[in-house]
Amino acid sequence: MEEIILDSKSFKNAIEKISKEIFEKNKNLSELAVVGIQNKGVFIAKRILSEIAGLAKVPEAQIPFGTLDITLYRDDLDDFGSDMPVIKDTVIAFDISQKNIILVDDVLYTGRTVRAALDVLMDFGRPKSIQLAVLVDRGYRELPIEANYVGIKHLTKGKVKVQCKEAEGEDKVFIL
């Protein structure tokens with residue numbers, strides 16, 4: 001039995017909330033860049049980018065966008081055995097120095113994905129700042145990492161599954 005914590009409408013509302021908070025804190029768009037963590041973080045990051053561009057009344061292309069794959073930076077690769085995860089694209093086609101990077105992921109849990117993403121980003125240089133945006137903060141951190149922008153907080157040790165219309169045809173977040 002699954003427990004739905006975000007339906008399509010509340011999913012959209014959470015993205016709008018995050019986007020407005022980011023825009024309010026980052027008025028200088030020349031210093032802003034949005035980077036999504038593969039997979040679902042990329043879909044959410046693109047929507048956040050679109051919302052911010054709409055709020056600022058600028059073309060989306062004016063705000064740099066990138067994607068990160070953290071697979072090779074994971075601290076649990078040995079746990080996968082022969083069933084290694086598929087490596088996706090990391091694309092940072094802009095200079096991150098002097099940028100306020102909005103790092104976007106779907107779910108924040110232990111903090112290990114974010115730790116790996118920070119390592120990847122630092123390989124590209126030293127940004128002015130890195131701010132974390134997540135759709136769902138499920139609590140129970142293992143590392144001292146907190147999001148700056150959160151769609152919803154829902155403390156659970158259950159598995160949180162995010163579906164995005166770009167991949168699964170509908171927006172929904174539920175607990176298995």
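Structure: above.
Note that the structure is predicted; figures quoted are calculated from it, not measured.

## Section: the packing of aromatic side chains
At step 1: Summed over the entire model, instances satisfying the criterion amount to zero aromatic pairs.
At step 2: Seen from the ring of Tyr109, Arg138 lies directly overhead, with NZ or CZ sitting 3.5 Å from the centre.

## Description of the side chain of Lys172
At step 1: Positionally, Lys172 belongs in strand E8 (residues 172-175).
At step 2: Judged by its relative accessible area of 15%, Lys172 falls in the buried class.
At step 3: Separated by 3.1 Å, the side chains of Lys172 and Glu2 make a polar contact.

## Structural notes on the pairing of strand E2 (residues 32-37)
At step 1: With respect to burial, E2 is a largely interior element, six of its six residues being buried.
At step 2: A two-sided burial pattern is seen for E2, the buried positions comprising Leu32, Val34 and Gly36 on one face and Ala33, Val35 and Ile37 on the other.
At step 3: With five bridges connecting them, E2 and strand E4 (residues 100-108) associate as parallel partners. Along E4, the bridge assignment pairs Val34 with Ile102.

## Notes on helix H3 (residues 112-122)
At step 1: Taken together, the buried positions of H3 are occupied by Val114, Ala116, Ala117, Val120 and Leu121. On an axial view of H3, the arc spanned by its buried residues comes to 160 degrees, and they lie on one face.
At step 2: For H3, the elements touching its buried residues are E2, strand E3 (65-68), E4 and strand E5 (129-137).

## Considering the sheet that holds strand E1 (residues 3-6)
At step 1: An order of E1-E8-E7 is seen for the three strands of this open sheet, with the pairing classed as antiparallel. On the outer flanks of this sheet lie E1 and strand E7 (160-163), each paired with one strand and no other. Here the average twist between neighbouring strands, direction ignored, is 30 degrees.
At step 2: Judged from the four bridges that link them, E7 and E8 form a sheet pairing that is antiparallel. What sits directly across from Lys161, in E8, is Phe174.

## Brief notes about the side chain of Arg138
At step 1: Structurally, the position occupied by Arg138 is in the loop between E5 and strand E6 (149-153).
At step 2: Among buried charged residues, Arg138 stands out as having no salt bridge; its nearest opposite-charge side chain is Asp137, 7.8 Å away.
At step 3: Within polar-contact distance, the side chain of Arg138 engages the backbone oxygen of Lys157 at 3.2 Å.
At step 4: In contact with Arg138, other than residues within four places in its own chain, are Val107, Leu108, Tyr109, His154, Leu155, Thr156, Lys157, Gly158, Lys159 and Val160.

## So, the sheet that holds E2
At step 1: Strands sit in the order E3-E2-E4-E5-E6 across an open sheet of five strands; the sheet is parallel. Strand pairing shows two members of the sheet lacking a second neighbour, E3 and E6, which therefore form its edges. Going across the sheet, the axis of each strand differs from the next one's by a mean of 25 degrees, ignoring polarity.
At step 2: In this fold helix H2 (residues 40-56) packs onto E2, E3, E4 and E5, with an angle of close to 155 degrees to the strand it touches most, E2.

## Here's the deal with unusual backbone geometry
At step 1: With an omega of 0 degrees, the peptide bond running from Gln38 to Asn39 counts as cis.
At step 2: Even without glycine at this site, Lys57 takes up a positive phi of about 60 degrees.
At step 3: Looking at the secondary structure, you find Lys57 in the loop between H2 and E3.
At step 4: On the basis of relative accessible area, Lys57 is assigned to the exposed category, the value being 73%.
At step 5: Of note, the phi angle at Tyr140 is positive, near 60 degrees, even though the residue is not glycine.
At step 6: On the secondary structure map, Tyr140 appears in the loop between E5 and E6.

Calculation rules
Chains are numbered independently. Their residues run from 1 in the order of the written sequence. Thresholds applied to this predicted model are a pLDDT of at least 70 for local features of residues and 80 or more for the giving and counting of side-chain atom pairs; totals over whole chains, interfaces and linings are not thresholded and use all residues. Excluded from the side-chain calculation are hydrogens and water; included are all heavy atoms of the structure. For Phe, Tyr and Trp, rings pair up if their centres lie within 6.5 Å, where Trp contributes its six-membered ring, and each pair is then called stacked (planes under 30 degrees apart), edge-to-face (over 60) or tilted (otherwise). By definition, being over a ring means that NZ of Lys or CZ of Arg is both within 6 Å of the ring centre and within 35 degrees of the ring normal. Helix numbers and strand numbers start at the N terminus; a helix is a DSSP run of H or I with at least 4 residues, a strand a run of E with at least 2. Categorising residues by exposure relies on relative accessible area from a 1.4 Å probe, with only protein chains included: less than 20% of the type maximum marks a residue as buried, more than 50% marks it as exposed, and the intermediate range marks it as partly exposed. Throughout this description, a polar contact denotes any pair of N or O atoms lying within 3.5 Å of each other; where both atoms belong to protein, one of them has to be capable of donating a hydrogen while the other can accept it, and for residues adjacent in sequence the pair is counted only when both atoms sit in side chains. Pairing between strands is defined by DSSP: at least two bridges between the two strands are required. It is the directions from the helix axis to the C-beta atoms that the arc portrays. Note on definitions: a residue-residue contact is assigned when non-hydrogen atoms from the two residues lie within 4.5 Å. Only the contacting stretch of a helix is used when fitting its axis, a line to C-alpha atoms as for every element, and angles between N-to-C directions run 0 to 180 degrees. Here the positive residues are Lys and Arg and the negative ones are Asp and Glu; neither His nor the chain ends is included. When a carboxyl oxygen of Asp or Glu lies within 4 Å of a side-chain nitrogen of Lys or Arg, that pair is called a salt bridge.

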